[in-house]
Amino acid sequence: MAFDYGERDRLGLRGLMPPCVSTLEEQCMKTMVDLRGLPDDLSKHMFLVDLHDRNETLFHRVVVRHVGELAPLIYTPTVGQACLEFGNIFRRPRGMYFSANDVGHMNAMVQNWPMRDVRVVVVTDGSRILGLGDLGANGMGIPIGKLALYCAAGGIAPHRVLPVVVDVGTNNDALRDDPFYLGLRQARLTGAAYDDVLDEFVAAVRHRWPKCLIQFEDFESAVAQPLLDRFRDDVLCFNDDIQGTGATVLAGSLACLRQTGKPPSALTDQRVVVAGAGSAGVGVATALKDGMVSMGLSEAEAASKFYLFDVDGLVAKEGMDPAAYDALVKEVRVFADSFDAPGVRGDSLKAVIEATKPTMLIGLSTVGGLFTEDIVKTFHDGVKPDRPIVMPLSNPTASAECSAADAITWTDGAAVFASGSPFPPVEYGGKTYQTSQCNNMFVFPGVGLGATVAECTVVSDNMLHAAAEACANSVSDDEMARGQVFPDVARIRDVSLNVAVAVIESALKDGYVRSKPILDGADVRTFVQSKSYFPAYVPIVQAPLGDV
């Protein structure tokens with residue numbers, strides 16, 4: 001319907017559609033009217049999936065125009081329900097599926113993808129989908145949703161992205177018994193067999209698309225960090241759950257300090273309880289620790305500021321079973337070694353808070369309601385007269401450790417709040433509190449845009465730290481005055497541009513850039529803008545009949 005009459009004549013379409021010429025903006029408006037008339041979020045998600053399959057340009061234009069409203073529908077929290085029902089709602093394949101049955105064939109398989117210049121691959125093995133656990137091949141909803149945000153929020157063209165599931169089986173018995181399950185009906189591979197599948201996949205992707213960024217997504221804790229460690233020094237890759245979440249929380253923490261009237265350097269004075277010692281919790285703690293180190297603390301001094309709490313209590317070497325300590329990955333041992341807390345391990349979260357008197361309380365436990373009124377009030381009492389920083393970051397909403405309304409009410413309006421899932425504004429004491437979502441989409445699209453435009457060789461810690469600072473600095477004074485610690489999501493493309501520029505400047509300083517124009521001195525911001533995708537209809541060229 002957007003074809004003008006010249007195009008209709010050229011393509012032989014005159015008379016085959018109504019005479020009205022509908023602009024892309026008019027189509028966006030009609031799409032939103034239809035979407036808003038649907039009864040529930042899953043129906044809206046399916047509507048957007050169908051639009052994505054039918055008209056990719058319109059889909060991305062709608063998301064760009066209404067990203068604040070649509071991001072929760074195409075990604076968290078709605079994508080969690082979509083993954084649970086993936087086999088039931090499956091219509092057509094999008095992306096690629098690599099399985100344990102494909103070992104020995106992956107180098108040939110990547111040739112089946114029709115796009116010649118893929119720049120971002122988002123891959124999951126489905127082992128830890130949000131807070132929902134092992135969903136196997138149903139986890140494909142995550143890379144699809146993530147890459148929709150890459151295109152809309154980061155300005156990476158749709159033909160340059162590829163969603164992937166690496167299916168090594170599932171330990172979810174219900175899925176294996178589900179007649180509509182689309183993945184391998186076998187137990188998950190582990191050990192060397194698992195590593196062989198991932199190694200071959202990474203090698204195949206790098207062979208066909210050597211400039212491609214690989215983003216690991218929703219891998220269970222037991223494999224996420226080892227996988228990242230194996231590839232991060234030699235492959236352009238990063239793990240969004242570990243590094244992206246860490247950089248986003250670092251950005252939020254710096255903005256929270258600004259909200260309390262303190263400078264960024266006050267990060268070194270914070271005491272942080274992290275509830276949840278999985279890959280995301282450890283990634284957050286590590287990112288904040290590294291931020292403190294960059295501000296002058298030693299590694300040991302910075303690590304001693306953190307108190308990781310898991311299902312067994314405080315993660316501390318003192319009092320821990322030696323076998324359990326030996327089983328910790330090295331990133332967790334850094335924190336376990338730094339804190340001597342006899343008698344605290346095994347006690348409640350409240351006991352840990354009473355003993356440590358933290359200034360920041362971060363939740364990555366996936367345990368909904370973990371931050372009870374008693375816990376939040378105890379935390380608040382220990383930090384007075386300062387304002388408590390409360391960040392329940394678990395997804396989806398049902399897994400959030402507390403709500404915005406609870407945190408603000410239980411602290412008499414003192415809490416500086418950011419959450420992993422969206423919460424509406426809170427009315428309390430005659431004041432409206434605008435809540436902020438600590439959403440990785442403020443960081444990962446910009447990281448991916450910067451790393452791929454500059455053709456970087458790796459994603460370094462310095463690049464991620466620069467991304468966090470750029471995100472924090474993107475919060476305007478007006479947004480701060482409304483109580484926000486992240487920018488309005490409507491400005492996400494501007495934020496992504498700021499992040500991309502900061503990432504490239506960091507990579508330039510450390511020698512990780514391969515892009516010749518940037519190395520030759522091109523203005524980084526102008527160059528990134530010139531490479532950013534914005535969804536718009538382009539002229540259609542019809543091949544001569546003899547060439548079809």
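Residues numbered from 1 in each chain as written. Predicted model: local features only at pLDDT ≥ 70, side-chain atom pairs only at ≥ 80, totals over all residues. Heavy atoms only, no water.

Under the UniProt heading Sequence similarities (unreviewed entry), the entry covering the chain gives this text: "Belongs to the malic enzymes family." (UniProt positions renumbered as here; feature names shortened; annotations may be inferred.)

(A) Just the sheet that holds strand β5 (residues 237-239), in detail. With parallel pairing, 5 strands are arranged side by side in an open sheet as β1-β3-β2-β4-β5. The two strands at the open ends of the sheet, each matched to only one other strand, are β1 (96-99) and β5. In this sheet, neighbouring strand axes are inclined to one another by 25° on average, regardless of whether the strands run parallel or antiparallel. As judged from the 4 bridges shared by β1 and strand β3 (residues 161-167), these two strands associate in the parallel manner. Residue pairing across strands places Met-96 opposite Val-164, the latter belonging to β3. In this fold helix α21 (residues 444-453) packs onto β2 (120-124), β4 (213-216) and β5, with an angle of close to 155° to the strand it touches most, β4. (Pairing = 2+ DSSP bridges. Helix = DSSP H or I, 4+ residues; strand = E, 2+ residues; numbered from the N terminus. Axes fitted to C-alpha atoms, helices over the stretch in contact; angles between N-to-C directions. Contact = heavy atoms within 4.5 Å.)

(B) Examining the packing of aromatic side chains more closely. Enumeration over the complete set of coordinates arrives at 8 aromatic pairs. Centroid distance Phe-306 to Phe-335: 5.6 Å. Interplanar angle 65°. Geometry classified as edge-to-face. Of this pair, Phe-306 sits in strand β7 (residues 306-310) while Phe-335 sits in helix α17 (residues 330-338); the two residues are 29 residues apart in sequence, bridging distant segments of the chain. When sorted by exposure, Phe-306 lands in the same class as Phe-335, which is buried. With a centroid separation of 5.3 Å and an interplanar angle of 25°, the aromatic rings of Phe-442 and Phe-486 are classed as stacked. With Phe-442 in the loop between β14 (436-437) and α21 and Phe-486 in the loop between α23 (477-481) and α24 (492-510), the pair connects residues that are 44 residues apart, well separated along the chain. The residues Phe-442 and Phe-486 share a single accessibility class, namely buried. The side chain of Arg-8 reaches across the aromatic face of Tyr-5, ending 5.3 Å from its centre. (Phe/Tyr/Trp six-rings, centres within 6.5 Å; stacked < 30°, edge-to-face > 60°. Buried < 20%, exposed > 50% of the residue type's maximum accessible area, 1.4 Å probe, protein only. Lys NZ or Arg CZ within 6 Å of the ring centre and 35° of its normal.)

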